[in-house]
Amino acid sequence: MNAPARAPLMALDQALAALLERATPLAGTETVPTFDAAARVLAQDLVSALQVPPNDNASMDGYAVRTADVTAAGAVLPVSQRIPAGHAGEPLKPGTCARIFTGAPLPAGADAVVMQEDTREVGGDLHAVHIDAVPAPGQWVRRAGEDVTRGAVVLARGQRLDEAALGLAASLGLAQLPVARRPRVALFSTGDELVMPGEVPPEAMKPGAIYNSNRFFLRALLQRFGCEVSDLGIVPDRREATLAALKTAADHHDLILTSGGVSVGEEDHIKPAVQQLGGLDLWQIAMKPGKPFAYGHVRRDPGVPGAAPGDCHFIGLPGNPVSSYVTFLLLVRPFLLKLQGVSDPAALRLPPAMALRADFAVPRADKRREFLRVRRNAQGGLDLFPNQSSGVLTSTVWADGLVDNPAGTTIAPGDTVSFIALSDLLA
Ligand code: AMP
Ligand code: MG
């Protein structure tokens, strides 16, 4: 069951590929209000039933004209109508102009808008205006359909909905959106040293006790990536209780996610329990932070009413908070996206790295590929958080990105390194 201590380490890319292979998209979709669809994944292509914008319209406040009527600066045109946004005007009489406001449809016959700043009222009233600039056809006009053409696939199945995508869907008149169902995830923490904030005040903590921090960021990360989370707390440190907790969780969840207790040689209750109820592979991933990582499955009891068929996925993250955080972003995030039907390989790979200058040194090479916590500075370079220990969560809060440093590589100030923005990993 345990990987031998000297087993060769697995490359991160290989671990990611193996995980994605196991992440079969979940069956089941639902329709949700567009208002509530942020961070969900589209289950169908969205095809536009209309063009956006629906008509040619003004992109400035000013006067709609026929350009043929304004061949020289200083032309004077009577104002034959007034068209606010939301109102359709009459066809524009030749030799006249229409007072028009941003977003108002262009009247038939008009082919340009002269902005207000390029006009003067004649005699101080609004019956006629001097046009002080010669408009080019199409000037200050937004063309019908320039954003979206009728029948276009505007957002594709498998696309994750960010705020801009929700706006675009709403611009097509869609109040409801078909989305993949949320993965149901059971979250456990392991470790007898863990105490929940609020249960024991800092001054009363026993020696060796620490607060459970992983539970807080893992729950929030799961929610960020569209999951329905059952937070099952700290799993009791007894064999029978662990077996029972895993079994019950498996029947009603797609994934059981735990943190802690997956280091080589550690004897805890999670590993043998998962092994007994399904299967477990311990992967020693050649990355820092985050070496120990477990993937497995827990069989569901087909006799339980409401239980899903098949197996429940199991992922065991390392206990060290930074390792847990980073392995979540690099491995669990794409796993969850694929479960929800994200299929674009670019969305499932590591985000593209930027080539940036290191304003720091890493004089000692590590045997493992390292993800250093760094922050961009005002000089366009990168600063390194001084303490890169996998227990130091401060580094992760301070950082705005990770330097993806290949195994066996030192860094000298001025070197170009690969920077992955944390905002890309959280998107
Ligand atoms: P483990 O992977 O269980 O050997 O844990 C490695 C380190 O991470 C130990 O120092 C644990 O105390 C710490 N740790 C494990 N789980 C958590 C947690 N939920 N919150 C904070 N630290 C943890
Ligand atoms: Mg532990």
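Remember, it's a predicted structure, so these values are computed and weren't measured experimentally.

Enquirer: What is the right way to look at the nonpolar core in this model?
Expert: Most often, soluble globular proteins keep nonpolar side chains buried together rather than apart. If you look at the biggest cluster of nonpolar residues, it comprises 48 residues, and the most contacted ones within it are Leu257, Trp283, Ile315, Phe328, Leu329, Leu331 and Leu336. Of all the secondary-structure elements, those providing two or more residues to this core are α1 (12-22), β13 (184-189), α3 (214-224), β17 (255-259), β20 (292-299), β21 (311-317), α6 (321-339) and α9 (422-425). By residue number, the principal contributor to this core is α6, which donates twelve residues. Residue assignment places this core across two domains, with domain 1 (12-26 + 182-348) and domain 4 (354-425) each supplying three or more. When residues no more than four places from it in sequence are discounted, the contact partners of Leu329 are Leu221, Phe225, Pro334, Leu422, Leu425 and Leu426. Core analysis: the second largest hydrophobic core is formed by 19 residues, Ala250, Ala273, Leu277 and Phe314 among them.

Enquirer: Looking at this structure, how should I read the site of ligand 1?
Expert: As a structural note, the neighbourhood of ligand 1 is formed by 16 residues, with Glu193, Asn212, Ser213, Gly261 and Gly319 the closest of them. In this structure, Glu193 approaches ligand 1 through a side-chain N or O atom, which is 2.5 Å from an oxygen atom. A distance of 3.1 Å is found between an oxygen atom of ligand 1 and a backbone nitrogen or oxygen belonging to Gly319. Out of a free accessible area of 490 Å², ligand 1 has 79% covered by protein chains. In a pocket analysis with a 2 Å cut-off to the grid points, ligand 1 is assigned to the largest pocket. For the shell around ligand 1, the class distribution of residues is four nonpolar, ten polar and two charged.

Enquirer: Where do I start with the layout of surface pockets in this structure?
Expert: Rolled over the atoms, a probe as big as a water molecule pinpoints where empty space is left. One number sums up the size of the largest pocket: a volume of about 540 Å³. What lines the largest pocket is a set of 37 residues, and nearest its centre among them are Glu193, Gly260, Gly261, Gly319 and Asn320. Those elements that place two or more of their residues in the lining of the largest pocket are β15 (210-211) and α6. Across the lining of the largest pocket, the residue classes tally to eleven nonpolar, 18 polar and eight charged. For the lining of the largest pocket, the domains that each give at least three residues are domain 1 (12-26 + 182-348) and domain 4 (354-425). Space inside the second largest pocket adds up to approximately 370 Å³. As for the second largest pocket, its lining consists of 17 residues, of which Gln159, Arg160, Leu161, Asp162 and Ala427 are closest to the centre. For the lining of the second largest pocket, the elements supplying multiple residues, two or more each, are α2 (163-171) and α6. When residues of the lining of the second largest pocket are assigned to domains, at least three fall in each of domain 1 (12-26 + 182-348) and domain 2 (30-49 + 156-180).

Reading the values: the criteria
- Residues numbered from 1 in each chain as written.
- Chains lettered and ligands numbered in written order.
- Predicted model: local features only at pLDDT ≥ 70, side-chain atom pairs only at ≥ 80, totals over all residues.
- Heavy atoms only, no water.
- Core = buried A, V, L, I, M, F, W, Y, C linked by side-chain atoms within 4.5 Å.
- Buried < 20%, exposed > 50% of the residue type's maximum accessible area, 1.4 Å probe, protein only.
- Helix = DSSP H or I, 4+ residues; strand = E, 2+ residues; numbered from the N terminus.
- Domains from an automatic or database assignment.
- Contact = heavy atoms within 4.5 Å.
- Near = heavy atom within 4 Å.
- Polar contact = N/O pair within 3.5 Å; in protein donor to acceptor, adjacent residues only side chain to side chain.
- Areas by Shrake-Rupley, 256 points an atom, 1.4 Å probe, with all protein chains shown as cover.
- 1 Å grid on protein atoms, 1.4 Å probe; cavity = no way out; pocket = protein on both sides within 12 Å on 5 of 7 lines; lining within 4 Å.
- Sits in = over half its atoms within 2 Å of the grid points.
- Nonpolar A, V, L, I, M, F, W, Y, C, P; charged D, E, K, R; others polar.
- Points joined across faces, edges and corners; volume = space filled by probe spheres on them.

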